[in-house]
Amino acid sequence: MARDRNNTDYTGPVRRILITMLVLVLASIFLAWRIDSPRVERFRAAFVDRFVPTFDWAMVPVTKVLTMVDGFQSYSRIHSQNQQLRRELQQMKAWKEAAVQLDQQNAKLLALNQVRLDPKLTSVSGVVLADSGGPFRQSVLINVGSHDGIVDGWATMDGLGLVGRISGVGNSTSRVILLTDTSSMVPVTIRPSGQQAILSGDNSMLPPIDFLEHPEQVRAGDQVVSSGDGGVFPAGILVGQVVEDRDRRLRVRLAADYERLDFLRVLRSHPAEQLHDAGVLIPPPPPLADLPEGNPAPQPKPAGQNDG
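A. Region of the structure containing the overall build of the protein chain. Of regular secondary structure, the protein chain possesses 4 helices and 12 strands. Pairs at least 24 residues apart make up 54% of the contacts formed inside the protein chain by residues separated by at least 6 positions. As displayed, the protein chain has an accessible area near 22,600 Å², and 58% of this comes from carbon and sulfur atoms.

Next comes the structure, spelled out in structure tokens:
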């Protein structure tokens, strides 16, 4: 019996007592907080003034955690805004690049329109589709052909100077042989000396000048234009300037921008009128049967001399 008394469990009653007391305390606090009385209001104010300031140390971790959460949310918003700004910046860069390309194309088209040509010459503008240049052939393709009235042999130029000639015409495309091609030989005139020469392509950006009669009259920096001889190119189109290489051979620095051939102008050149007869100014000599025997054929008189 003594053993049973020593082993009695008091945890159940103590737990019930503590729960009852806690409920009573909470109910009292609730009622005290809900009662609308000046005395109770003073009690509440005194309680808050006494105990609440002493719990500031307990609120510090909570305040820090809330500050960290606000900072993380702010960082997340800033990160998302930064990513959006980066995407917009990439789009703006793409638009800027497109605008620069359009501006360059516009400038080249304006340069084509500002080139002064013979009023009798008309032109067709085309876009360079492909550069088929190689170590043995220098040519490009443009998007105009026989449907646009292009004829084989017509001259082409950019906004600065002569580029080449048409060599091969399709329905909607044409091939342009550049002045640098080895098969290109263009009659040119060197100003101001007026020397006639041939510009021969050698697959370099400085084609040489051949068949120059008086090279001592030509200086570096002289202007080179097409002469129009042979009817291959119209006369007076700018080709470039004379330069000297290391071997003191005369070459031409081409005026056309071969690094950026985006647009080309095809010149509608018309062949020169061919003379098939002597005309009335130079009468033909009389036939030998009509001349008297022993009298030679009359010789034409020099200009400026009159009879008598």
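B. Layout of the environment of Arg268. Residue position: Arg268 is located in strand β12 (residues 263-268). Counting along the chain gives 118 residues from Arg268 to Ile150, while the straight-line C-alpha distance between them is 7.8 Å.

C. Fine view of the sheet that holds strand β4 (residues 162-169). The antiparallel closed barrel is built from 6 strands, whose spatial order is β1-β2-β5-β4-β3-β12. The mean angle between the axes of side-by-side strands here comes to 45°, regardless of whether they run parallel or antiparallel. Bridge analysis of strand β3 (residues 155-157) against β12 gives 2 bridges, and the strand direction is antiparallel. Its bridge partner lying in β12, Met157 is registered against Arg265.

D. Highlighting the sheet that holds strand β10 (residues 238-244). In spatial order, the strands read β8-β7-β6-β9-β10-β11; together these 6 strands make up an open sheet with antiparallel pairing. Both edges of this open sheet fall to β8 (209-210) and β11 (250-254), since each of them pairs with a single strand only. Relative to strand β9 (residues 223-226), strand β6 (residues 185-191) runs antiparallel, the two being bridged by 4 bridges. Paired with Thr189 across the bridge in β9 is Val225.

E. Just the pattern of salt bridges, in detail. Under the definition given, this model contains 5 salt bridges. A salt bridge links Asp210 to Arg249; the nearest nitrogen and oxygen atoms lie 2.8 Å apart. Of this pair, Asp210 sits in strand β8 while Arg249 sits in the loop between β10 and β11; the two residues are 39 residues apart in sequence, bridging distant segments of the chain. Notably, a salt bridge pairs Glu244 with Arg248, separated by 3.5 Å at the nearest N-O pair. By relative accessible area, Glu244 is classed as partly exposed at 39%. Salt bridges linked by common partners bring Asp202, Asp245 and Arg251 together as one network.

F. Looking closely at the side chain of Thr156. Mapping Thr156 onto the fold places it in strand β3. Residue classification places Thr156 among the buried positions, given a relative accessible area of 0%.

G. Representation of unusual backbone geometry. For the peptide bond that leads from Arg191 to Pro192, omega is 10°, which places it in the cis range. Among the structural elements, Pro192 can be located in the loop between β6 and β7 (195-200). Here Asn203, not a glycine, exhibits a phi torsion of approximately 60°, which is positive. Here Asn203 shows up in the loop between β7 and β8. A relative accessible area of 24% means that Asn203 is categorised as partly exposed. Of note, Phe211 is a non-glycine position whose phi angle comes to about 55°, a positive value. The class of Phe211 is exposed, set by a relative accessible area of 64%.

H. Fine view of the pairing of β4. In terms of strand pairing, β3 meets β4 through 3 bridges, oriented antiparallel. In the strand pairing of β4, Thr156 is matched with Gly164. If you look at the hairpin formed by β3 and β4, you'll find 4 residues sitting between the two strands. The pairing of β4 with strand β5 (residues 174-178) spans 4 bridges and is classified as antiparallel. Looking at β5, one finds that Ile166 is bridged to Val176. Where β4 hands over to β5, the hairpin turn is made up of 4 residues, counted between the paired strands.

I. Just a nonpolar patch on the surface, in detail. Together, Tyr10, Val14, Ile17, Leu18 and Met21 line one region of the surface with nonpolar side chains, adding up to about 540 Å² of accessible area. Its place among the elements puts Leu18 in helix α2 (residues 11-34). For Leu18, a relative accessible area of 54% puts it in the exposed group.

Reading the values: the criteria
Residues numbered from 1 in each chain as written. Predicted model: local features only at pLDDT ≥ 70, side-chain atom pairs only at ≥ 80, totals over all residues. Heavy atoms only, no water. Helix = DSSP H or I, 4+ residues; strand = E, 2+ residues; numbered from the N terminus. Contact = heavy atoms within 4.5 Å. Areas by Shrake-Rupley, 256 points an atom, 1.4 Å probe, with all protein chains shown as cover. Pairing = 2+ DSSP bridges. Axes fitted to C-alpha atoms, helices over the stretch in contact; angles between N-to-C directions. Salt bridge = Lys/Arg side-chain N within 4 Å of Asp/Glu carboxyl O. Buried < 20%, exposed > 50% of the residue type's maximum accessible area, 1.4 Å probe, protein only. Patch = residues over 30% accessible without salt bridge, like charges linked within 9 Å, V, L, I, M, F, W, Y side chains within 5 Å.

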